[in-house]
Amino acid sequence: MPDPILMCAVCQRPVERWTATEYPAQQARIFTAYCHGEKDTCRLTMWDMVHVRDAIRSGQRVEAVAFAKQALPAAPLPETRSENTGGRGAS
Ligand SMILES: [Zn+2]
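My aim in this report is to walk through the structure given alongside it, one point at a time. For every chain, the first residue of the written sequence is number 1, and numbering continues from 1 onward in sequence order. Totals for whole chains, interfaces and linings use every residue, but because this is a predicted model, local features are given only for residues with pLDDT of at least 70 and side-chain atom pairs only at 80 or more, for both listing and counting.

1. Some remarks on the overall build of the chain
Note the threshold: A run of H or I in DSSP becomes a helix once it reaches four residues, and a run of E becomes a strand once it reaches two; helices and strands are each numbered from the N terminus. Counts of 20 or more other C-beta atoms within 10 Å of a residue's own C-beta define buried residues, counts of 12 or fewer define exposed ones, and intermediate counts define partly exposed ones; C-beta atoms are placed from the backbone. Note that contacts rest on C-beta atoms placed from the backbone: two residues are in contact if these are within 7 Å.
Broken down by element type, the chain carries one helix and six strands. Along the chain direction, N to C, the helices and strands of the chain fall in the order β-β-β-β-β-α-β. Within the chain, the fraction of its 91 residues that count as buried is 12%. Taking contacts inside the chain between residues at least 6 apart in sequence as the whole, the part at least 24 apart equals 46%.

2. Considerations on the nonpolar core
Selection rule: One nonpolar core equals one set of buried Ala, Val, Leu, Ile, Met, Phe, Trp, Tyr and Cys residues connected by C-beta atoms within 7 Å.
If you look at the biggest cluster of nonpolar residues, it comprises eight residues: Leu6, Cys8, Val15, Trp18, Ala33, Cys35, Ala66 and Phe67. Mapped onto this core, the elements with two or more residues apiece are β1 (5-8) and β4 (28-35). Residue contacts for Leu6: discarding those within four places in its chain leaves Pro14, Val15, Trp18, Phe31, Ala33, Ala64 and Ala66.

3. Examining the sheet that holds strand β3 (residues 17-23)
Put simply, the rule is: Paired strands, as defined in this entry, are two strands with at least two bridges between them according to DSSP. For every element, the axis is a line fit to its C-alpha atoms; helices are fit only across the contacting stretch, and the angle between N-to-C directions ranges from 0 to 180 degrees.
Here we have three strands laid out as an open sheet, ordered β3-β4-β5, and antiparallel in their pairing. Looking at strand neighbours, the two that pair on one side only are β3 and β5 (38-45), the edges of this open sheet. Strand-to-strand twist of the sheet, defined as the mean angle between neighbouring strand axes without regard to direction, takes the value 20 degrees. Contacts from helix α1 (residues 46-57) reach β4 and β5 within the one sheet, and its direction differs from that of β5 by about 90 degrees.

4. Let's talk about the sheet that holds strand β6 (residues 63-66)
Pairing within the open sheet is mixed, and its three strands lie in the order β2-β1-β6. Whereas interior strands pair on both sides, the edge strands pair on one side only; in this sheet they are β2 (13-14) and β6. Relative to β6, β1 runs parallel, the two being bridged by four bridges. Residue pairing across strands places Leu6 opposite Ala64, the latter belonging to β6.

5. Examining the environment of Cys11
Within the secondary structure layout, Cys11 lies in the loop between β1 and β2. A sequence separation of 24 residues divides Cys11 from Cys35, and the C-alpha atoms of the two residues are 8.3 Å apart.

6. Description of unusual backbone geometry
For Gln12, which is not a glycine, the phi torsion comes out positive at approximately 60 degrees. Residue placement: Gln12 occurs in the loop between β1 and β2. Its identity as a non-glycine residue notwithstanding, Gln27 has a phi of 55 degrees, on the positive side. Following the sequence through the fold, Gln27 ends up in the loop between β3 and β4.

7. Observations regarding α1
The condition is simple: To estimate the expected span of a helix, count its residues, drop one, and scale the result by 1.5 Å.
The end-to-end C-alpha separation of α1 is 16 Å, in line with the 16 Å expected for twelve residues at 1.5 Å each. Phi turns positive one or two residues past the end of α1, at Gly59, with a value near 90 degrees.

Here is the structure:
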């Protein structure tokens, strides 16, 4: 079974190391990612894995994101960009 590339949401690059453990009873695979001195786990069901396998077979680059919960949220764009032109009608 091909594996997705595990990206670190904090470092913005593939994680340093990861392991995967099969849980046949749960029909799932648990990925444990180790990066920047921390570890994160994510669970993929067999259905997810089938999707990943098909995508990789069709030549797509499949990425899973670890540590997403710890990633700093992107700064919100300022909603009000006041471009006051002085009310000059360009008619
Ligand atoms: Zn990292």
